[in-house]
Amino acid sequence: QVQLVESGGGLVQAGGSLRLSCAASGRKFNGYYMGWFRQAPGKEREFVAVISWSGMSLAYADSVKDRFTISRDNAKNTVYLQMNSLNVADTAVYYCAAGGRLSTVVRTTAAVDYWGQGTQVTVSA
């Protein structure tokens with residue numbers, strides 16, 4: 001059974017930082033892009049960042065570029081999201097994702113094959 005388990009969410013003040021982790025189990029994601037999406041209350045789930053298997057190809061949503069950094073450790077089957085300079089607009093449930101069709105160009109929820117359960121990130125003013 002494939003599982004993506006996120007951790008690292010929480011409450012932080014505006015301007016602060018958090019690091020999310022996503023541990024994958026049940027299979028190896030060789031060749032898969034992995035990424036992060038988020039969903040704020042009353043809004044659709046949106047793309048945040050994606051990384052290729054090699055780690056050489058990255059993409060970010062414009063709203064998080066230069067503040068967030070995605071990385072992965074394939075030996076640990078884990079992907080990370082370092083979030084700096086957080087603001088209230090970053091408040092959302094953050095979901096880890098893996099998909100065979102996911103890429104730096106294809107960033108839609110339809111391209112995701114596996115989802116994590118989500119971790120809450122709340123940024124206070």
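Everything that follows concerns the structure shown earlier in this document.
Residues numbered from 1 in each chain as written. Predicted model: local features only at pLDDT ≥ 70, side-chain atom pairs only at ≥ 80, totals over all residues. Heavy atoms only, no water.

Moving on, we get to the packing of aromatic side chains. Scanning the entire structure with this criterion turns up five aromatic pairs. Look at Phe37 and Phe47: their rings are 5.8 Å apart centre to centre, the planes differ by 80 degrees, and that puts the pair in the edge-to-face class. Residue Phe37 is found in strand β4 (residues 33-39), and its partner Phe47 is found in strand β5 (residues 46-51); the two are separated by ten residues along the sequence. The ring of Tyr95 is capped by Arg45, whose NZ or CZ atom sits 3.6 Å from the centre of that ring. One cation-aromatic arrangement involves Arg45 over Trp115; the distance from NZ or CZ to the ring centre is 4.5 Å. (Phe/Tyr/Trp six-rings, centres within 6.5 Å; stacked < 30°, edge-to-face > 60°. Helix = DSSP H or I, 4+ residues; strand = E, 2+ residues; numbered from the N terminus. Lys NZ or Arg CZ within 6 Å of the ring centre and 35° of its normal.)

Checked against the element boundaries, Arg101 lands in the loop between β9 (92-99) and β10 (114-115). Note on Arg101: relative accessible area 52%, which makes it exposed. On a C-alpha basis, the gap between Arg101 and Val112 in space is 7.1 Å, while along the polypeptide they are eleven residues apart. The residues touching Arg101, leaving out its near neighbours within four places in the chain, are Val106, Ala110, Ala111 and Asp113. Looking at Arg101, its side chain comes within polar contact range of the main-chain oxygen of Ala110, at 2.6 Å. (Buried < 20%, exposed > 50% of the residue type's maximum accessible area, 1.4 Å probe, protein only. Contact = heavy atoms within 4.5 Å. Polar contact = N/O pair within 3.5 Å; in protein donor to acceptor, adjacent residues only side chain to side chain.)

The alternating pattern of strand β7 (residues 68-73) places Phe68, Ile70 and Arg72 on a buried face and Thr69, Ser71 and Asp73 on a face that is not buried. Once β7 ends, the chain turns through four residues before running back antiparallel as strand β8 (residues 78-83), passing Asn77 with a positive phi of about 55 degrees. (Pairing = 2+ DSSP bridges.)

With that settled, the discussion passes to the side chain of Arg38. The residue Arg38 is located in strand β4 in this model. In terms of polar contacts, Arg38 uses its side chain to reach the side chain of Glu46, at 2.7 Å. Separated by 2.9 Å, the side chains of Arg38 and Tyr94 make a polar contact. Beyond its immediate chain neighbours, meaning those up to four positions away, Arg38 contacts Glu44, Arg45, Glu46, Val48, Ser63, Val64, Phe68, Ala89, Asp90, Ala92, Val93 and Tyr94.

On to the sheet that holds strand β1 (residues 3-7). Taken in spatial order, the four strands line up as β1-β3-β8-β7 in an open sheet, and their pairing is antiparallel. Looking at strand neighbours, the two that pair on one side only are β1 and β7, the edges of this open sheet. Averaged over neighbouring strand pairs, the angle between their axes works out to 15 degrees when direction is ignored. As paired elements, strand β3 (residues 18-25) and β8 share six bridges and run antiparallel to each other. Residue pairing for β8: Ser21 is matched across the bridge by Tyr80. (Axes fitted to C-alpha atoms, helices over the stretch in contact; angles between N-to-C directions.)

Counting 38 residues, the largest nonpolar core has Met34, Trp36, Leu81, Met83 and Tyr94 as the members making the most contacts within it. Secondary-structure elements contributing two or more residues to this core are β3, β4, β5, β6 (58-60), β7, β8, β9 and β11 (119-124). Once you skip the residues sitting within four places of it in the chain, Met83 turns out to touch Gly16, Ser17, Leu18, Leu20, Arg67, Phe68, Tyr94 and Val121. (Core = buried A, V, L, I, M, F, W, Y, C linked by side-chain atoms within 4.5 Å.)

Scanning all chains against the criterion turns up four salt bridges. The residue Arg38 makes a salt bridge to Asp90 at a minimum N-O spacing of 2.9 Å. Placement of the pair is Arg38 in strand β4 and Asp90 in the loop between β8 and β9, with a sequence separation of 52 residues. This pair shows no difference in class: Arg38 is buried, exactly as Asp90 is. Across the salt bridge formed by Asp62 and Lys65, the nearest N and O atoms sit 3.1 Å from each other. (Salt bridge = Lys/Arg side-chain N within 4 Å of Asp/Glu carboxyl O.)

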